[in-house]
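Below are the chains, spelled out letter by letter.
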Amino acid sequence: MPILLDLFLTFAKTGLFTFGGGYAMIAVIENNCVEQKKWMTHDQMMNITVIAESTPGPIAINAATYAGFLRAGFPGAVAATVGIVLPSFVIIYIISMFLDNFLELPLIDNAFKGVKIAVGLLILDAGINMLQKTPKRLFTQAILIGSFAAVLCAHLFSLRFSSIALLFVSAVISLALFMVKGGDKK
């Protein structure tokens, strides 16, 4: 199968059968691109996830775009992006044409309540996989624990705290430590 068609179909399947947005899709994208297709390594997928998270736009679309670019350059990026977006667009368009109060139907409402649980598990799975693959360095673990504590406290005490500010502070601290150490000496 030509690579562009394979990229399109792989990401279209992901876009069609994965509910819950980008974080839920990351585990599926990793399974498809790393485990099944062997298009990239776990480290490359981790880098793609970090880049997709830190750039503007939906994380799943960004991840698909970067994965497609990594595999087949600009045409691969386009094929993967269209593949992941098209199924959702078509479904939402059809729903909007025929059902005015789609989410008010009891059957649909109950189905989405069940989907929320599955989405939570997919996000948890993606987080655990990333945590297991993160290098076990003291500084990395300190940032992880500090970030988790900050977000947990903000949530528990209903504090307004921007996760973007937390990402920025973590990035500045990491970059400063990297520069103090003199570059990428492991």
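As shown above, the structure is provided for reference.
**Points about the overall build of the protein chain**
Each helix and strand in the protein chain was counted, giving 7 helices and 0 strands. The order of helices and strands in the protein chain, counted from the N terminus, is α-α-α-α-α-α-α. Counting all 186 residues of the protein chain, 25% fall into the buried class. Of the contacts formed within the protein chain by residues at least 6 apart in sequence, a portion of 56% connects residues at least 24 apart. Of the accessible surface of the protein chain, which amounts to about 12500 Å², a share of 72% is contributed by carbon and sulfur atoms. Counting 13 positive and 10 negative side-chain charges, the protein chain places the centres of these two groups 10 Å from one another.

**Description of helix H5 (residues 106–133)**
Note on helix geometry: an α-helix contains 3.6 residues per turn, so any two residues three or four positions apart are oriented the same way. In this model, H5 (28 residues) spans 41 Å end to end at C-alpha, consistent with the 40 Å of a helix rising 1.5 Å per residue. Ile 108, Val 119 and Ala 126 are the residues of H5 that are buried.

**Description of the pattern of salt bridges**
Tallying each qualifying case throughout the model produces 1 salt bridge. Lys 37 is the salt-bridge partner of Asp 6, the closest N and O atoms lying 2.8 Å from each other. In this pair, Asp 6 is assigned in helix H1 (residues 3–17) and Lys 37 in the loop between helix H2 (22–36) and helix H3 (42–54), connecting sequence segments 31 residues apart.

**Remarks on the packing of aromatic side chains**
Inspection of every chain in the model, using the stated rule, returns 1 aromatic pair. Taking the centre distance of 6.2 Å and the plane angle of 15° together, the rings of Phe 89 and Tyr 93 count as stacked. Taken as a pair, Phe 89 and Tyr 93 lie in helix H4 (residues 59–98) at a separation of 4 residues, close to a single helical turn.

**A few points about the layout of surface pockets**
Within this model, the largest pocket holds a volume of roughly 2400 Å³. In terms of lining residues, the largest pocket is bounded by 45 residues, among which Val 50, Met 130, Thr 134, Ile 143 and Leu 144 are the most central. Those elements that place two or more of their residues in the lining of the largest pocket are H2, H3, H5, helix H6 (138–156) and helix H7 (163–180). In terms of residue class, the lining of the largest pocket is made up of 26 nonpolar, 11 polar and 8 charged. Each pocket or cavity is described by its volume, and for the second largest pocket that value is around 590 Å³. Together, 26 residues line the second largest pocket, and Thr 18, Phe 19, Ser 88, Ile 91 and Ile 92 are the ones closest to its centre. In terms of residues, the lining of the second largest pocket owes the most to one element, H4, which gives 10 residues.

Rules behind the numbers
Residues numbered from 1 in each chain as written. Predicted model: local features only at pLDDT ≥ 70, side-chain atom pairs only at ≥ 80, totals over all residues. Heavy atoms only, no water. Helix = DSSP H or I, 4+ residues; strand = E, 2+ residues; numbered from the N terminus. Buried < 20%, exposed > 50% of the residue type's maximum accessible area, 1.4 Å probe, protein only. Contact = heavy atoms within 4.5 Å. Areas by Shrake-Rupley, 256 points an atom, 1.4 Å probe, with all protein chains shown as cover. Lys, Arg positive; Asp, Glu negative; His and termini not counted. Charge placed at Lys NZ, Arg CZ, Asp CG, Glu CD. Expected span 1.5 Å × (residues − 1). Salt bridge = Lys/Arg side-chain N within 4 Å of Asp/Glu carboxyl O. Phe/Tyr/Trp six-rings, centres within 6.5 Å; stacked < 30°, edge-to-face > 60°. 1 Å grid on protein atoms, 1.4 Å probe; cavity = no way out; pocket = protein on both sides within 12 Å on 5 of 7 lines; lining within 4 Å. Points joined across faces, edges and corners; volume = space filled by probe spheres on them. Nonpolar A, V, L, I, M, F, W, Y, C, P; charged D, E, K, R; others polar.

That is the geometry; function is a separate question.
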